[in-house]
Amino acid sequence: MKKQQEKSFENEVRKALYGKQVPILVLDTRWYSLFPKGEKPAEVEELEKELNGLLKRQGKLVNEIKELKLVKKKLMDGIVAGMDEVSSRANRKKDNQQRLLLDTKARIEENSNELMGLPNQIKEVNEELLVVGAKYCFERLSESDQKLKALNEEIRILKEELNEKMDNKADLEESLDSAYSLMHTLLGHDVMNLFDKGKIG
C-alpha cells in the first residue's frame with residue numbers, strides 16, 4: 001500500500017472499530033493463524049510485545065494489591081491488639097506498625113492508580129495492533145486475489161488449448177478411421193496387416 005492509501009485505510013479501520021469491544025488479540029488463538037510462520041511484520045511483533053507487557057503488569061499489580069491488602073489487615077489487627085499496651089517497647093512497635101501501615105496504604109493507592117489507567121492503555125495498544133495487523137492481512141489478501149485471478153486466467157487459457165487439442169485429436173481419429181477403412185476396402189486385409197505390424201509407413 002502507498003503511504004496515503006495506508007493512512008486512509010488505517011483511518012477507516014479505526015472508524016469501524018469505534019465503540020466496538022475488540023478481544024485482546026494476543027490472547028486469541030485465531031490472531032496467530034493470520035500470520036504464516038516467519039511472516040509476521042516487525043511492527044506487529046513490537047505491538048504484541050508491548051501488549052503482553054501491559055497485560056503482565058496488570059496481573060502483577062492485581063496480585064500486589066491483594067498481597068498489600070492482606071499486609072494492611074494484619075498491621076491493623078496488630079495495632080488494634082496492642083492498643084492497651086503502654087510500654088516504650090510497645091509504643092515503638094505501634095509507631096513502626098503505623099509507619100508500615102501508611103507505607104502500605106500509599107503503595108496500594110499508587111498501584112491502584114496505575115491499575116486504573118492500564119485498561120485504557122491495553123485497549124489503545126490492542127486496537128493499534130488490530131489496525132496494523134489488518135493492513136498487513138489486507139495487503140496479503142490483495143496479493144493473493146491478484147495471484148488467484150492470474151491463475152484463473154491461465155487455467156482458462158489452458159482449458160481452451162486443451163479443448164482445441166481434444167477437437168484436433170477427434171478430427172485426426174475420425175480422419176484416420178475413415179482412411180483406414182477406405183484403404184482396407186481398396187487394398188484388402190493382407191496389405192493392411194503389413195501396415196498394422198509397422199512394415200509399411
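Because the structure is predicted, anything quoted here is derived from the model rather than measured.

A. Just the overall build of the chain, in detail. From N to C terminus, the chain includes five helices and zero strands. Radius of gyration (C-alpha) of the chain: 40 Å, far over the 17 Å computed for a compact globule of 201 residues. Referenced to the eigenvectors of the C-alpha coordinate spread, the extents of the chain come out at roughly 140 × 40 × 25 Å. Each of the 201 residues in the chain was classed as buried or not, and the buried ones make up 23%.

B. Representation of the packing of aromatic side chains in the model. Following the criterion strictly, the structure yields two aromatic pairs and no others. Residues Trp31 and Phe35 carry aromatic rings whose centres are separated by 5.0 Å and whose planes lie at 70° to one another, so their mutual orientation is edge-to-face. Here the two residues Trp31 and Phe35 agree in accessibility, since each one is buried. Between Phe35 and Tyr136, the aromatic rings sit 5.3 Å apart at their centres with planes inclined by 25°, giving stacked as the arrangement.

C. Up close: the side chain of Asp28. Positionally, Asp28 belongs in the loop between α1 (3–17) and α2 (29–33). The exposure class of Asp28 is buried, given its relative accessible area of 15%. Engagement of the side chain of Asp28 in a polar contact is seen with the side chain of Arg30, the distance being 2.6 Å.

D. The pattern of salt bridges, seen in detail. This model, assessed by the stated rule, comprises 13 salt bridges. A salt bridge links Asp145 to Lys149, with the nearest nitrogen and oxygen atoms 3.3 Å apart. Placement of both Asp145 and Lys149 in helix α4 (residues 88–187) is noted, with a separation of four residues, approximately one turn of the helix. In this structure Lys149 comes out as exposed when scored by relative accessible area, which is 54%. For the salt bridge of Lys169 with Glu173, the shortest nitrogen-to-oxygen distance reads 3.0 Å.

Calculation criteria
- Residues numbered from 1 in each chain as written.
- Predicted model: local features only at pLDDT ≥ 70, side-chain atom pairs only at ≥ 80, totals over all residues.
- Heavy atoms only, no water.
- Helix = DSSP H or I, 4+ residues; strand = E, 2+ residues; numbered from the N terminus.
- Rg over C-alpha atoms; globule rule 2.2 N^0.38 Å.
- Buried < 20%, exposed > 50% of the residue type's maximum accessible area, 1.4 Å probe, protein only.
- Phe/Tyr/Trp six-rings, centres within 6.5 Å; stacked < 30°, edge-to-face > 60°.
- Polar contact = N/O pair within 3.5 Å; in protein donor to acceptor, adjacent residues only side chain to side chain.
- Salt bridge = Lys/Arg side-chain N within 4 Å of Asp/Glu carboxyl O.

Read these as layout, nothing more, since geometry by itself doesn't imply function.
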